[in-house]
Amino acid sequence: FIVADPDGAIVLETAGRRWATEQVTGRGRSISNGLTIPDFASMHANPAIGVVTACARRRARTETAANHATAPADLMVALRDHGPTAGPHYSPVRGGLGAPCAHAGGLVSGNQTTASWVADLRRPADHLHWVTATSAPCTSVFKPVRVDEPLDVDPSAMPGNGYDASYRWWRHEHLHRMVLRDHPASLARFTAERDRLEAAWLAAPPPGVEAFTIADAAEERWLADLHTAGLPDRRPAWLRAQSRRTDRAARMPSPAGVAA
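Small disclaimer: the values here were computed from a predicted structure and weren't measured. (Residues numbered from 1 in each chain as written. Predicted model: local features only at pLDDT ≥ 70, side-chain atom pairs only at ≥ 80, totals over all residues. Heavy atoms only, no water.)

**Some words on the overall build of the chain**
Moving on, step 1. Secondary structure assignment for the chain yields 9 helices and 6 strands.
Moving on, step 2. Relative to the compact-globule value of 18 Å for 260 residues, the chain shows a C-alpha radius of gyration of 19 Å, a close match.
Moving on, step 3. Dimensions along the principal axes, computed over C-alpha positions, put the chain at roughly 55 × 45 × 35 Å.
Moving on, step 4. Scored against the burial criterion, the 260 residues of the chain give a buried share of 42%.
Moving on, step 5. Within the chain, contacts between residues separated by at least 24 positions form 55% of all contacts whose residues are at least 6 apart in sequence.
Moving on, step 6. Summing over all exposed atoms, the chain offers an accessible surface of approximately 13900 Å²; the carbon and sulfur share of this is 58%.
Moving on, step 7. Charge separation in the chain, taken as the distance between the mean sites of 29 positive and 27 negative side-chain charges, equals 9 Å. (Helix = DSSP H or I, 4+ residues; strand = E, 2+ residues; numbered from the N terminus. Rg over C-alpha atoms; globule rule 2.2 N^0.38 Å. Buried < 20%, exposed > 50% of the residue type's maximum accessible area, 1.4 Å probe, protein only. Contact = heavy atoms within 4.5 Å. Areas by Shrake-Rupley, 256 points an atom, 1.4 Å probe, with all protein chains shown as cover. Lys, Arg positive; Asp, Glu negative; His and termini not counted. Charge placed at Lys NZ, Arg CZ, Asp CG, Glu CD.)

**Examining the layout of surface pockets**
Empty pockets left among the atoms are what a rolling probe the size of a water molecule brings to light.
Moving on, step 1. If you add up the space inside the largest pocket, you get close to 1800 Å³.
Moving on, step 2. Lining the largest pocket are 43 residues; nearest its centre among them are I2, R29, A66, L75 and W117.
Moving on, step 3. Here the lining of the largest pocket is built from residues that sort into 22 nonpolar, 14 polar and 7 charged. (1 Å grid on protein atoms, 1.4 Å probe; cavity = no way out; pocket = protein on both sides within 12 Å on 5 of 7 lines; lining within 4 Å. Points joined across faces, edges and corners; volume = space filled by probe spheres on them. Nonpolar A, V, L, I, M, F, W, Y, C, P; charged D, E, K, R; others polar.)

**What to know about the sheet that holds strand β6 (residues 143–146)**
Moving on, step 1. Taken together, the 3 strands give an open sheet; going across it, the order is β4-β5-β6, and neighbouring strands pair in antiparallel fashion. Each edge of the open sheet carries a strand with a single partner, namely β4 (117–120) and β6. This sheet shows a mean twist of 25° between the axes of neighbouring strands, independent of strand direction.
Moving on, step 2. Judged from the 4 bridges that link them, β4 and strand β5 (residues 128–131) form a sheet pairing that is antiparallel. Residue pairing for β5: V118 is matched across the bridge by W130.
Moving on, step 3. Against the sheet, helix α4 (residues 72–79) engages β4 and β5, with an angle of about 160° to β4.
Moving on, step 4. Along the sheet face, helix α8 (residues 208–229) touches β5 and β6 and points at about 155° away from the line of β6. (Pairing = 2+ DSSP bridges. Axes fitted to C-alpha atoms, helices over the stretch in contact; angles between N-to-C directions.)

**Here we look at the sheet that holds strand β3 (residues 18–23)**
Moving on, step 1. Ordered in space as β1-β2-β3, the 3 strands form an open sheet in which the pairing is antiparallel. Either end of the sheet is taken by a strand with one partner, and the two such strands are β1 (2–5) and β3. Direction aside, the axes of adjacent strands within the sheet are offset by 20° on average.
Moving on, step 2. Of the strand pairs in this sheet, β1 and strand β2 (residues 8–15) are connected by 4 bridges, and their pairing is antiparallel. Its bridge partner being in β2, V3 is matched across the sheet by I10.

**Some remarks on the pairing of β6**
Moving on, step 1. Neither face of β6 is exposed, since K143 and V145 on one face and P144 and R146 on the opposite face are all buried.
Moving on, step 2. For β5 and β6, the ladder comprises 4 bridges, and the chain directions are antiparallel. The residue of β6 that forms the bridge with W130 is P144.

**Topic: the environment of V51**
Moving on, step 1. By the element assignment, V51 lies in helix α2 (residues 47–53).
Moving on, step 2. Residue classification places V51 among the exposed residues on the basis of a relative accessible area of 56%.
Moving on, step 3. As a C-alpha pair, V51 and R94 span 43 residues in sequence and 9.5 Å in three-dimensional space.

**Points about the nonpolar core**
Moving on, step 1. Counting 22 residues, the largest nonpolar core has W130, L175, F190 and W201 as its most contacted members.
Moving on, step 2. Elements with a contribution of two residues or more to this core: β5, α5 (168–179), α7 (191–203) and α8.
Moving on, step 3. Ranked by residues supplied to this core, first place goes to α8 with 6 residues.
Moving on, step 4. For W130, the contacting residues outside a window of four places in its chain are P72, M76, S116, W117, V118, F142, K143, P144, W201, L202 and P205. (Core = buried A, V, L, I, M, F, W, Y, C linked by side-chain atoms within 4.5 Å.)

**Quick notes on the packing of α7 against α8**
Moving on, step 1. The interhelical angle for the contact between α7 and α8, taken along N-to-C directions, is 170°, at an axis separation of 11 Å. Judged by the inter-axis angle, α7 sits roughly antiparallel to α8. Between α7, through E193, R194, L197 and W201, and α8, the contact on the second element is made entirely by A211, I214, A215, A218, R221 and W222.
Moving on, step 2. Classifying every residue of the contact of α7 with α8 gives 7 nonpolar, no polar and 3 charged. (Parallel < 35°, antiparallel > 145°, perpendicular 65-115°, else oblique.)

**Quick look at the confidence of the model for the chain**
Moving on, step 1. On average, the chain scores 91 in pLDDT, and the residues at 70 or more come to 97%.
Moving on, step 2. Segment residues 256–260 is flagged for pLDDT under 50; beyond a separation of four residues in sequence, or across chains, it makes 5 contacts in the model. (pLDDT = per-residue confidence, 0-100.)

This is the structure in structure tokens:
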């Protein structure tokens, strides 16, 4: 965990009942799903898990980005990073887990990014947060939210493992999973609008409810456009089969006009 406020940040790591902390002293600090405090990691880290999850590789990219970031937009770019390739690079072992913007698909580790959040704590009177409330940040829009302006944007209970159209997270999965069929070509159809939208909000943040409404409408347009475009599924056969199994387990409806 990273615990932060306007005055500083502390890294907290645990292993069973054992724990350690580290004061953040540099310009940037990143964690991943592996232990990062050196002495604590040397005693408690599991090297095999570290290899499978590629946590060191992913952290190296996010910490470099954190050290060079000057504004929330830089961190949004960092969270959308797929590594040295234009789109996700899939491993049969870990799927797209080798980069910050992780997409599921591995046969051993099927993890993916489930949501993204950038907290801007520089102005004490106006702590502004930017959240996707949806899975992959590359297919999502960062919306502004404020602690003193609660938002009622979904049912009160958390979404479960099965598809439920009443939740924004699951509705977004239609777009996310359609994009993954041909990631570079699909993203190219709407990222310019996504980036313009976020740039305008960063310059003049609207109320959170308004931003969520605008983002929802934009994602519906992007999904409709992808349906019309009918781009072929360019993923390797093993990944397409894995995706079909994942969709069936989640009872995910097949997109209109696309074979299951």
